[in-house]
Amino acid sequence: EAGYVMASSNPPCTSQIYCSGPLLDTVQRARLFNDSKTFVDMPTRRGQYEVLSAFDQLGTNATQEDVANFVAENFDSPDGELALVEDLPEWQADPPVLSQIADPHLSIWAKSLNFIWTKLYRISKPHQICNECLSSSITVQRGFIVPGGRFREFYYWDTYWIVLGLLASDLHQIAIDMVENMLDVVETFGFFPNGGRIYYLNRSQPPMLTAMVREVVAATDNVALLRRALPILEMEHDWWMSNRIVAPTFFPNGTLVPTLNATDPGSVDSRFALNAFVVAWEHPRPESYMEDVATTQVFANDTLRRKQAYRDIAAGAESGWDFSTRWLNTTLPDGTHNAAGAQLTDIITSDILPVDLNSILYDMEMTMANFHGRVGTPAGQQYFSHAASRRAEAMDLFLFDPATACWNDARLSTGEQNAEWYPSNVHPMWTGAHGTLSAPFARNGTLCPKLLRDVETYHTGLPSSEVNNTAMQWDFPNVWAPIQHYAVLGLLNNGQRDAAVKLAQQYIDTAFCAWEETGGSENTRQTPLADLRGDMFEKFDARSLGRHGFGGEYKVQTGFGWSNAVALDLMRRFGDELAAPQCTEPGAQGATNSARASTGHATGSLAVATAAVAAVFMALAF
Ligand SMILES: OC[C@H]1O[C@H](O[C@H]2O[C@H](CO)[C@@H](O)[C@H](O)[C@H]2O)[C@H](O)[C@@H](O)[C@@H]1O
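What you see is a predicted model; the values in this text were computed from it and never measured. (Residues numbered from 1 in each chain as written. Predicted model: local features only at pLDDT ≥ 70, side-chain atom pairs only at ≥ 80, totals over all residues. Heavy atoms only, no water.)

## Focus: the sheet that holds strand E2 (residues 121-124)
Line of reasoning, step 1. Spatial strand order, E1-E2-E3: 3 strands in an open sheet with antiparallel pairing. The open sheet has two free edges, formed respectively by strand E1 (82-84) and strand E3 (144-145), since each of these has just one partner strand.
Line of reasoning, step 2. Of the strands in this sheet, E1, E2 and E3 touch helix H5 (residues 104-120), which is tilted by about 20° from E2. (Pairing = 2+ DSSP bridges. Helix = DSSP H or I, 4+ residues; strand = E, 2+ residues; numbered from the N terminus. Contact = heavy atoms within 4.5 Å. Axes fitted to C-alpha atoms, helices over the stretch in contact; angles between N-to-C directions.)

This is the structure we're talking about:
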């Protein structure tokens, strides 16, 4: 890829080391590290121009060993600029939430999850080796929680769930600090990037900052924070409305969407405008450089297609669902669909109108209307409340399917809705984004029945899709904590409390058993905190109790910010109803709500669990 000539791309940053250019290209192509992200997280050991001059001296025929020596001489290990600080403000070994958890085994587990915050807390620190040294880290003034493992920096949408987890642990100050940091970042850049690295500065992630402010203000009554936040949140809203706004060409029935001016196909009627993940970047992602080079190899002789693939890959990363068949063109030449047969080279993210993004923006608009009401600015209140209603109507027009009583992503260019089922479709049940078409279903509690079906089918949490064997981490069988959480809240909002608690229990079952199987069971109330063991995974497997997920561009990570947070928040909400599962006795696999005191669990081995899931799945297929 002689692709470091920028042309129409919007580079994440101007760094010739971390964002684009021959140095990055040469080092990443030398494949010195298993994970492309390692190099771009390494601070320099010298000033920028010394590093660039040393690189120039390598010449054009440098061997892999030459490049390795260059990196060793000029770069420090990743993490060099982030300090791990174990004495967190307000942290207590036994936060009040523990006493809200009826089951003693769950309570010990919650104590151990609360301890994990001390391992994930970071502060930015000045360069250690020289004043002119550089790093890709975005510096913030206050402490923050990272997801863990290779994710050494803060992440945008992860932080929403992390904030809920911190509030569950009574770590109010860190939750406030993280929100204040994020407001600073939006003030500086005009939007919030994917994560805390300069190489993420040309894309965002699902915009949850307004919801974070709402949760933190509700828990702390910090009205000053709300007042500070409001104009900054408006800045972020403007960014989404000017940089990520799209207008579908067709309605789902194939009729043309009218434009404002019939003779100008580009004149968008704002009634039909919605948002999509779209990134102007026609080069490999710096942190997944060789993965992207490999993906686009098939387009070696098709520059336009290759550039579009890079854009759609970056847009897929912006969605937070990187990657999934949600973002692929699954249409076969004969017009039929085959999601399982599609590959990452079929990526078309910018042609997809996503349910979750629009539902989150609806929530942002409703929340900002509410904030304006609180601070006494009725014009703002009216503006955002109108924006939210308009969006809900447009979502109904393009994304709601009365036949299945649920929303689906749709293709912008054809209007066609995605026939595959993804739990992201239930997002409006959580945020309440109903227009006139969907409202009757909401009133009679029959929205998105496939969600209930999945709660009955899978016993260890909802998988991200039904599409198997894609090796993409946001497809079957991976179970992600944020999906479980918003589905639980969506069920609650839709009057389905029993199913909500059941799903919460399923997530607790699998996360608890994973922890127990990785040494957590040895923890007791007497275990010194520093000796606590047991892992929390980034994702799980819908086919097997306590098994971690897999696939994607990197090894499964532990830590893990949002997984801890969702467990803690669910225990806070349903602490007297949840029970610790039986993980090790035969019969525990796949069992739902398999409390230790109870007997007669449903299934045994992984094979049995998998077969059972597959059978129910076939029987219930809509
Ligand atoms: O390096 C590959 C990708 O890694 C991140 O995505 C995944 O981890 C994030 C942190 O937990 C999470 O927010 C995201 O949903 C995951 O898919 C990163 O966000 C991507 O931009 C990056 O390309």
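## Points about the packing of aromatic side chains
Line of reasoning, step 1. What the rule picks out here adds up to 41 aromatic pairs.
Line of reasoning, step 2. Arranged with centres 5.4 Å apart and planes meeting at 85°, the rings of Trp-157 and Trp-562 form a pair that is edge-to-face. With a gap of 405 residues between them, Trp-157 in helix H6 (residues 156-168) and Trp-562 in helix H19 (residues 561-574) connect regions that are remote in the sequence. When sorted by exposure, Trp-157 lands in the same class as Trp-562, which is buried.
Line of reasoning, step 3. Note on Phe-251 and Phe-398: the rings are 5.1 Å apart at their centroids and 5° apart in plane angle, and the pair reads as stacked. Residue Phe-251 is found in the loop between strand E4 (245-246) and strand E5 (274-275), and its partner Phe-398 is found in helix H13 (residues 378-399); the two are separated by 147 residues along the sequence. Phe-398 matches Phe-251 in its accessibility class, with the two residues each being buried.
Line of reasoning, step 4. Taken together, the ring pairs connect Trp-157, Tyr-160, Trp-161, Trp-321, Tyr-422, Trp-430, Trp-474, Trp-480, Tyr-486 and Trp-562 into an aromatic cluster.
Line of reasoning, step 5. Residue placement shows Arg-326 over the ring face of Trp-321; its charged tip is 4.7 Å from the ring centre. (Phe/Tyr/Trp six-rings, centres within 6.5 Å; stacked < 30°, edge-to-face > 60°. Buried < 20%, exposed > 50% of the residue type's maximum accessible area, 1.4 Å probe, protein only. Lys NZ or Arg CZ within 6 Å of the ring centre and 35° of its normal.)

## A look at the packing of helix H8 (residues 209-220) against helix H12 (residues 355-375)
Line of reasoning, step 1. Packing of H8 against H12 leaves a shortest axis separation of 9 Å and a crossing angle of 45°. Classed by the angle they form, the pair H8 and H12 counts as oblique. As for how H8 packs across H12, the hand of that crossing is left-handed. Within the contact between the two elements, H8 uses Thr-210, Ala-211, Val-213, Arg-214 and Val-217 and H12 uses Asp-363, Met-364, Thr-367, Met-368, Phe-371 and Arg-374.
Line of reasoning, step 2. Grouping the amino acids of the contact of H8 with H12 by side-chain chemistry returns 6 nonpolar, 2 polar and 3 charged. (Parallel < 35°, antiparallel > 145°, perpendicular 65-115°, else oblique. Left-handed = near helix turned anticlockwise from the far one by under 90°. Nonpolar A, V, L, I, M, F, W, Y, C, P; charged D, E, K, R; others polar.)

## What to know about the nonpolar core
Side chains that are nonpolar tend, in soluble globular proteins, to be buried together.
Line of reasoning, step 1. By size, the foremost hydrophobic cluster in this structure holds 185 residues, and its most contacted members are Phe-39, Trp-109, Trp-161 and Met-571.
Line of reasoning, step 2. Here this core gets 12 residues from one element, more than from any other, and that element is helix H18 (residues 497-517).
Line of reasoning, step 3. Aside from chain neighbours lying at most four places away, what touches Phe-39 is Ile-17, Tyr-18, Leu-23, Leu-24, Val-27, Gln-28, Phe-33, Val-71 and Phe-75. (Core = buried A, V, L, I, M, F, W, Y, C linked by side-chain atoms within 4.5 Å.)

## Re the pairing of E2
Line of reasoning, step 1. As paired strands, E1 and E2 are joined by 3 bridges and run antiparallel to one another. Looking across to E2, one finds that Ala-83 is bridged to Ile-123.
Line of reasoning, step 2. In this sheet, E3 lies alongside E2 in antiparallel orientation, the contact comprising 2 bridges. Across the sheet, residue Tyr-121 finds its bridge partner in E3, namely Ile-145.

## Examining the side chain of Gln-205
Line of reasoning, step 1. Here Gln-205 is to be found in the loop between helix H7 (172-189) and H8.
Line of reasoning, step 2. Only 3.3 Å separates the side chain of Gln-205 from the backbone nitrogen of Tyr-156, close enough to count as a polar contact.
Line of reasoning, step 3. Beyond its immediate chain neighbours, meaning those up to four positions away, Gln-205 contacts Tyr-155, Tyr-156, Trp-157, Asp-158, Phe-192, Asn-194, Trp-240, Ala-317, Glu-318 and Gly-320. (Polar contact = N/O pair within 3.5 Å; in protein donor to acceptor, adjacent residues only side chain to side chain.)

## Regarding the state of the cysteines
Line of reasoning, step 1. According to the stated counting rule, one finds 4 disulfides in the structure shown.
Line of reasoning, step 2. Between the sulfur of Cys-406 and that of Cys-448 lies a disulfide, 2.1 Å long from S to S. Measuring the twist about the S-S bond at about 85°, one finds the Cys-406-Cys-448 disulfide to be right-handed. Pair noted here: Cys-406 is in strand E8 (residues 406-407) and Cys-448 is in the loop between helix H15 (439-443) and helix H16 (449-457), with a separation of 42 residues, a long-range link. Both residues of the pair, Cys-406 and Cys-448, belong to the buried class. (Disulfide = S-S within 2.5 Å.)

## Digging into H6
Line of reasoning, step 1. The terminal C-alpha atoms of H6, which comprises 13 residues, lie 19 Å apart, in line with the 18 Å expected from a rise of 1.5 Å per residue.
Line of reasoning, step 2. H6 sits mainly inside the fold: 13 of its 13 residues count as buried.
Line of reasoning, step 3. Asp-170 sits one or two residues past H6 and shows a positive phi near 60°. (Expected span 1.5 Å × (residues − 1).)

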